[in-house]
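Residue-level listing of the chains:
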Amino acid sequence: QVQLVESGGGLVQAGGSQRLSCAASARTSSFYTIGWFRHAPVKEREFVAAISRSSGTPYVATSVKGRFTISRDTAKNTVYLQMNSLKPEDTAVYYCAASRNLPTLVAAPREYDYWGQGTQVTVSS
């Protein structure tokens, strides 16, 4: 059973930075894509970013482009989400997810087979 464990969440002031980590129990090369989603109260789950296994190509949502970056360390089986210039509207539970197959649409939650338990990020104004 594949496990994904997120860490790095917490409380941060607006304008600050935070780095989330997603540690996989299996080799990250086992997955076609690893992505980050977030879920805020009374909002739908939202795609944040993803990274391709083969090419390392990053995909970043327009809402966070220029502020968030996704990267991976294959030796550590870990994917990171670096979040800069955080805003109160970034407050959410952030989830890591992995797909076994090549996604048709990287931003679609249905494309992902494994999910972490989530880590809370709270940005204060």
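Nothing here was measured: the structure is a model prediction, and the numbers come from that model.

Here's the deal with the overall build of the protein chain
Reasoning step 1: Per the secondary structure count, the protein chain includes zero helices and eleven strands.
Reasoning step 2: Start at the N end of the protein chain and walk to the C end: the helices and strands fall as β-β-β-β-β-β-β-β-β-β-β.
Reasoning step 3: For 125 residues, the compact-globule formula gives about 14 Å, and the C-alpha radius of gyration of the protein chain, at 13 Å, lands near that figure.
Reasoning step 4: With the C-alpha coordinates of the protein chain rotated into their principal frame, the extents come out at 40 × 25 × 25 Å.
Reasoning step 5: Looking at the protein chain as a whole, 45% of its 125 residues are labelled buried.

Some words on the nonpolar core
Reasoning step 1: Among the nonpolar cores identified, the biggest contains 35 residues, and Trp36, Leu81 and Tyr94 are the most heavily contacted of them.
Reasoning step 2: Contributions of two or more residues to this core are made by strand E3 (18–24), strand E4 (33–39), strand E5 (46–52), strand E7 (68–73), strand E8 (78–83), strand E9 (92–99) and strand E11 (119–124).
Reasoning step 3: Residues contacting Tyr94, with those up to four places away along its chain left out, are Glu6, Leu20, Trp36, Phe37, Arg38, Val48, Phe68, Leu81, Met83, Gly118, Thr119 and Val121.

Thoughts on the state of the cysteines
Reasoning step 1: In the structure shown here, the tally under the stated rule is one disulfide.
Reasoning step 2: Linked covalently through their sulfurs, Cys22 and Cys96 form a disulfide whose S-S length is 1.9 Å. A torsion of -70° about the S-S bond marks the disulfide between Cys22 and Cys96 as left-handed. Residue Cys22 is located in strand E3, and its partner Cys96 is located in strand E9; the two are separated by 74 residues in the primary sequence. Pair check on accessibility: Cys22 and Cys96 agree, each one buried.

Examining the pairing of E9
Reasoning step 1: Burial of E9 is extensive: six of the eight residues sit out of reach of the surface.
Reasoning step 2: Sheet analysis places E4 next to E9, joined by seven bridges and oriented antiparallel. Residue pairing across strands places Thr33 opposite Ser99, the latter belonging to E9.
Reasoning step 3: Alignment of E9 against E11, held across three bridges, turns out to be antiparallel. The residue of E11 that forms the bridge with Ala92 is Val121.
Reasoning step 4: Relative to strand E10 (residues 114–115), E9 runs antiparallel, the two sharing two bridges. Looking at E10, one finds that Ala97 is bridged to Trp115.

Overview of the environment of Pro41
Reasoning step 1: Examined against the element boundaries, Pro41 turns out to sit in the loop between E4 and E5.
Reasoning step 2: Linking Pro41 and Ala92, residues 51 residues apart in sequence, is a C-alpha distance of 7.4 Å.

Describing the pattern of salt bridges
Reasoning step 1: Inspection of the entire model under this criterion finds four salt bridges.
Reasoning step 2: Where Glu46 meets Arg38, a salt bridge forms, and the shortest distance between an N and an O atom there is 2.8 Å.
Reasoning step 3: By relative accessible area, which is 28% here, Glu46 ends up partly exposed.
Reasoning step 4: A salt bridge links Arg67 to Asp90; its shortest N-O distance comes to 2.7 Å. Pair noted here: Arg67 is in the loop between strand E6 (58–60) and E7 and Asp90 is in the loop between E8 and E9, with a separation of 23 residues, a long-range link. Both residues of the pair, Arg67 and Asp90, count as buried.

Rules used in this analysis
Residues numbered from 1 in each chain as written. Predicted model: local features only at pLDDT ≥ 70, side-chain atom pairs only at ≥ 80, totals over all residues. Heavy atoms only, no water. Helix = DSSP H or I, 4+ residues; strand = E, 2+ residues; numbered from the N terminus. Rg over C-alpha atoms; globule rule 2.2 N^0.38 Å. Buried < 20%, exposed > 50% of the residue type's maximum accessible area, 1.4 Å probe, protein only. Core = buried A, V, L, I, M, F, W, Y, C linked by side-chain atoms within 4.5 Å. Contact = heavy atoms within 4.5 Å. Disulfide = S-S within 2.5 Å. Pairing = 2+ DSSP bridges. Salt bridge = Lys/Arg side-chain N within 4 Å of Asp/Glu carboxyl O.

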